[in-house]
Amino acid sequence: GAGVSQSPSNKVTEKGKDVELRCDPISGHTALYWYRQSLGQGLEFLIYFQGNSAPDKSGLPSDRFSAERTGGSVSTLTIQRTQQEDSAVYLCASSLYQGKAFFGQGTRLTVV
Amino acid sequence: EDQVTQSPEALRLQEGESSSLNCSYTVSGLRGLFWYRQDPGKGPEFLFTLYSAGEEKEKERLKATLTKKESFLHITAPKPEDSATYLCAVQMNTGNQFYFGTGTSLTVIP
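Let me sum up the structure you'll find in this document. These numbers were taken from a predicted model, which means no experiment stands behind them.

Residues and elements named next belong to chain B. Across the sheet, which stays open at both edges, the 5 strands sit in the order β1-β3-β8-β7-β6 with antiparallel pairing between neighbours. The outermost strands of the open sheet, each flanked by one partner alone, are β1 (3–7) and β6 (56–59). Neighbouring strand axes in the sheet, compared pairwise and without regard to direction, differ in orientation by 15 degrees on average. Pairing between strand β3 (residues 19–26) and strand β8 (residues 70–75): 6 bridges, direction antiparallel. Along β8, the bridge assignment pairs Leu 21 with Leu 73.

Here the focus is the nonpolar core. Judged by nonpolar contacts, the single largest core of 25 residues is most densely connected at Leu 33, Trp 35, Leu 73 and Tyr 86 of chain B. Elements represented by at least two residues in this core include exactly β2 (10–14), β3, β4 (30–38), β5 (45–50), β7 (62–66), β8, β9 (84–92) and β11 (104–109) of chain B. Among the elements that make up this core, the one with the highest residue count is β9 of chain B (5 residues). Sequence-distant contacts of Tyr 86 of chain B, defined by excluding residues within four places in its chain, comprise Gln 6, Leu 21, Trp 35, Tyr 36, Arg 37, Leu 47, Leu 62, Leu 73, Gly 103, Thr 104 and Leu 106 of chain B. The next biggest cluster of nonpolar side chains, apart from the first, holds 19 residues, and it includes Val 19, Trp 34, Ile 47 and Phe 65 of chain A.

Criteria and cut-off values
- Residues numbered from 1 in each chain as written.
- Chains lettered and ligands numbered in written order.
- Predicted model: local features only at pLDDT ≥ 70, side-chain atom pairs only at ≥ 80, totals over all residues.
- Heavy atoms only, no water.
- Pairing = 2+ DSSP bridges.
- Helix = DSSP H or I, 4+ residues; strand = E, 2+ residues; numbered from the N terminus.
- Axes fitted to C-alpha atoms, helices over the stretch in contact; angles between N-to-C directions.
- Core = buried A, V, L, I, M, F, W, Y, C linked by side-chain atoms within 4.5 Å.
- Buried < 20%, exposed > 50% of the residue type's maximum accessible area, 1.4 Å probe, protein only.
- Contact = heavy atoms within 4.5 Å.

These results come straight from atomic positions and should not be treated as a statement about function.
Here it is as structure tokens:
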């Protein structure tokens, strides 16, 4: 596709359930980022992929959060045993190695 | 501690009233500074990259400049459609993540 695609666009889940968020980056982009944006807050870094490996996972807030990337393309962010404080917009971005990153529209996660 | 600070938090302008948004940074070894525009309910949209002090980039009514300590986003004769949140981010030589400021919410009144 022409841009970064994220799905679902909205997700409502019950506290304690697991969720998976998907990101399809721009074709050919080797770098992929996950960020989280809470209401009124700045973008919070979660994880960075270069190809299929994640050299920087320093932003993952707890071991309930994990992410993988396969085939140097699609990435999935998984949140286990969701908590209300996990409610936020999860943004994915991709770039050519280093440099300007292009963002998707985000997945709005609401934990009830 | 590395930090990115944007000011003001919010700005209301009359249509045609030019102004500037500020992004100050205290990072060691800047690789690049990036400006994004974010509309409500959307992901950030890339505007500019600046790499070295003295560099300037322009696009329509927007012009971004960079010094060793800060960047300005100048908006000339803004229109209501320029209303959005403008985000600044920096990337350091030693890593790959982008550090974002909390943004400036711009409202342009017709």
